[in-house]
Amino acid sequence: MSWLDDTDLDDDFEEYDESAIRTRPNPKANRPRTKRRPAHEDAQVGRVLGVDRGRYSVLLGEGTPDEHAITAARARELRRTPIVTGDQARVVGDTSGAEGTLGRIVGILDRTSLLRRSADDTDQVERVIVANADQMLVVVAAADPEPRARLVDRYLVAALDAGIRPLLVVTKTDLADPSEFLAHFDGLDLRVFTSAREEMPVDEIGEALIGHSTVFVGHSGVGKSTLVNALVPSAGRATGHVNQVTGRGRHTSSSTVSLRYEGPGGTGWVIDTPGVRSFGLGHVDPANILAAFTELAVIAENCPRGCTHLPDAPDCALIEAAERGELSETGRARLDSLQRLLQTFADKAEQTPGR
């Protein structure tokens, strides 16, 4: 038979046909996708101290001899999860804290509280400010700039909504008497500190910080950063001045950061935030405001469904109790404060389109 025999050629082609070639499967390429993620059982838990351009400063081993801060990035699976100052983060990777190293945040523990605000009252998109704080220290000035009671009301509403205890510091009392301003808050369970520019009650305020995570908030120019520097000398927070033409303070703190307060009686955490001139309440649940007035909330259980508890609310059990003289002087003052805070929320609702 000739070596050019057609039958032989067909046999050869059949022997080397590509469809007959057995290939080794690629286990990675053929593995079905899964939503399961590594358990990261070796993850360490640390406190998020601050955020800077996508990098997180995390304190590991808090309160132990091995306490140290590291820099970490967010894991890809957390790209839709906000990570903020105060969070308790689960971290893997290089957690040595050595220069040039980078850990990875792979999870966030359940939060005990979440302080939020919106850009304005019509904005339903919330901005998370800080997690796991249990106190809010509102800083206002008696003058220069003038105190804004309605802005303080908004801070209080946000604190009550988050389940955070509010405190109030009035600075620059050597420039003006804050009595008239403070009378606005007579009915609230609100601890108040007063401070002159040269005589800050650092020890008294510091004592209230021990054992707590306290977020400091305030209008620009009220002396918040000055107070933080007095409480935490190593903080180095920039301070500014008030524009004499506009009466507004200049923003000096550009990021939220946690700082450890160390006092004679113990330690606490100071969480300094950038100064703001507005505080939107687009996210607030008004039921949380009422819940903070425990003795009034009990009476309000007899109100009709949907009662606003405002002065013009029909058949409101709170208003009827006040008219019958069943509320003490303190109770009436607290009712006035509750109605003022609820009115702040109601004003927000009226500005929201479609409501």
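Residues numbered from 1 in each chain as written. Predicted model: local features only at pLDDT ≥ 70, side-chain atom pairs only at ≥ 80, totals over all residues. Heavy atoms only, no water.

Details of the pattern of salt bridges
Okay, step 1: The full count for this structure, using the stated rule, is 11 salt bridges.
Okay, step 2: With a closest N to O distance of 2.4 Å, Glu295 and Arg334 form a salt bridge. Of the two residues, Glu295 sits in helix H8 (residues 294-300) while Arg334 sits in helix H10 (residues 329-351), which places them 39 residues apart along the sequence.
Okay, step 3: Between Arg324 and Glu326 there is a salt bridge whose closest N-O contact spans 2.7 Å. Residue Arg324 shares its accessibility class with Glu326, and that shared class is exposed.
Okay, step 4: Each of the salt bridges in this network shares a partner with another, and the network as a whole consists of Glu320, Arg324 and Glu326. (Salt bridge = Lys/Arg side-chain N within 4 Å of Asp/Glu carboxyl O. Helix = DSSP H or I, 4+ residues; strand = E, 2+ residues; numbered from the N terminus. Buried < 20%, exposed > 50% of the residue type's maximum accessible area, 1.4 Å probe, protein only.)

A closer look at the environment of Ala131
Okay, step 1: Locating Ala131 in the fold gives a position in strand E7 (residues 126-131).
Okay, step 2: For the pair Ala131 and Gly86, spaced 45 residues apart in the sequence, the C-alpha separation amounts to 4.8 Å.
Okay, step 3: If we ignore the near neighbours within four places in the chain, the residues touching Ala131 are Val84, Thr85, Gly86, Asp87, Arg111, Ser113 and Leu114. (Contact = heavy atoms within 4.5 Å.)

A few points about helix H5 (residues 202-209)
Okay, step 1: Among the residues making up H5, those that are buried are Val202, Ile205, Gly206, Ala208 and Leu209. Viewed end-on, H5 has its buried residues packed into an arc of 155°, placing them on one side of the element. Relative to its buried face, H5 has exposed residues pointing more than 90 degrees away, namely Asp203 and Glu207.
Okay, step 2: Just downstream of H5 lies Gly211, where phi reads positive at about 80°. (Arc of directions from axis to C-beta.)

A word on the packing of H5 against helix H6 (residues 224-231)
Okay, step 1: Between H5 and H6, the shortest axis-to-axis distance is 10 Å and the interhelical angle comes to 80°. For the element pair H5 / H6, the angle class is roughly perpendicular. Contact residues: H5 offers Val202, Ile205, Gly206 and Leu209, while H6 offers Leu227, Ala230 and Leu231.
Okay, step 2: The residue inventory of the contact of H5 with H6, partitioned by class, reads 6 nonpolar, 1 polar and no charged. (Axes fitted to C-alpha atoms, helices over the stretch in contact; angles between N-to-C directions. Parallel < 35°, antiparallel > 145°, perpendicular 65-115°, else oblique. Nonpolar A, V, L, I, M, F, W, Y, C, P; charged D, E, K, R; others polar.)

A short note on helix H3 (residues 149-162)
Okay, step 1: With 14 residues, H3 extends 20 Å from end C-alpha to end C-alpha; this agrees with the ideal 20 Å at 1.5 Å per step.
Okay, step 2: Where burial is concerned, most of H3 is hidden: 13 out of the 14 residues are buried.
Okay, step 3: The positive-phi residue at the C-terminal boundary of H3 is Gly163, with phi of around 75°. (Expected span 1.5 Å × (residues − 1).)

Brief notes about the environment of Glu262
Okay, step 1: Within the fold, Glu262 resides in strand E12 (residues 257-263).
Okay, step 2: Separated by 55 residues in sequence, Glu262 and Glu207 place their C-alpha atoms 9.9 Å apart.

Some words on the pairing of strand E3 (residues 68-74)
Side-chain direction in a regular strand flips from residue to residue, so the side chains alternate between the two faces of the sheet.
Okay, step 1: The pairing of strand E2 (residues 55-60) with E3 spans 5 bridges and is classified as antiparallel. Within the sheet, the bridge partner assigned to Ser57 lies in E3 and is Thr71.
Okay, step 2: Pairing of E3 with strand E5 (residues 103-108) involves 3 bridges; the strand directions are parallel. Among the inter-strand pairings, Arg74 is bridged to a residue of E5, identified as Ile105. (Pairing = 2+ DSSP bridges.)

Observations regarding the environment of Leu209
Okay, step 1: By the element assignment, Leu209 lies in helix H5.
Okay, step 2: The exposure class of Leu209 is buried, given its relative accessible area of 0%.
Okay, step 3: When the C-alpha atoms of Leu209 and Arg260 are compared, they prove to be 10.0 Å apart, with 51 residues separating the residues in sequence.
Okay, step 4: Once residues lying within four places of it in the same chain are set aside, the contact partners of Leu209 are Gln135, Thr214, Phe216, Leu231, Tyr261, Thr267, Gly268, Trp269 and Val270.

So, the nonpolar core
Okay, step 1: Ranked by size, the top nonpolar core spans 53 residues in total, and within it Met136, Leu168, Phe185, Ile289 and Leu338 carry the most contacts.
Okay, step 2: When residues in this core are grouped by element, the largest group, 10 residues, is from H3.
Okay, step 3: Setting aside chain neighbours within four positions, we find Ile289 in contact with Val157, Leu160, Val284, Leu338, Leu341, Leu342 and Phe345. (Core = buried A, V, L, I, M, F, W, Y, C linked by side-chain atoms within 4.5 Å.)

Quick look at the packing of aromatic side chains
Okay, step 1: Enumeration according to the criterion identifies 1 aromatic pair in this entry.
Okay, step 2: Taking 5.2 Å as the distance between ring centres and 70° as the angle between the ring planes, the aromatic pair formed by Phe181 and Phe185 counts as edge-to-face.
Okay, step 3: What makes Phe181 buried here is its relative accessible area of 12%.
Okay, step 4: The exposure class of Phe185 is buried, given its relative accessible area of 5%. (Phe/Tyr/Trp six-rings, centres within 6.5 Å; stacked < 30°, edge-to-face > 60°.)

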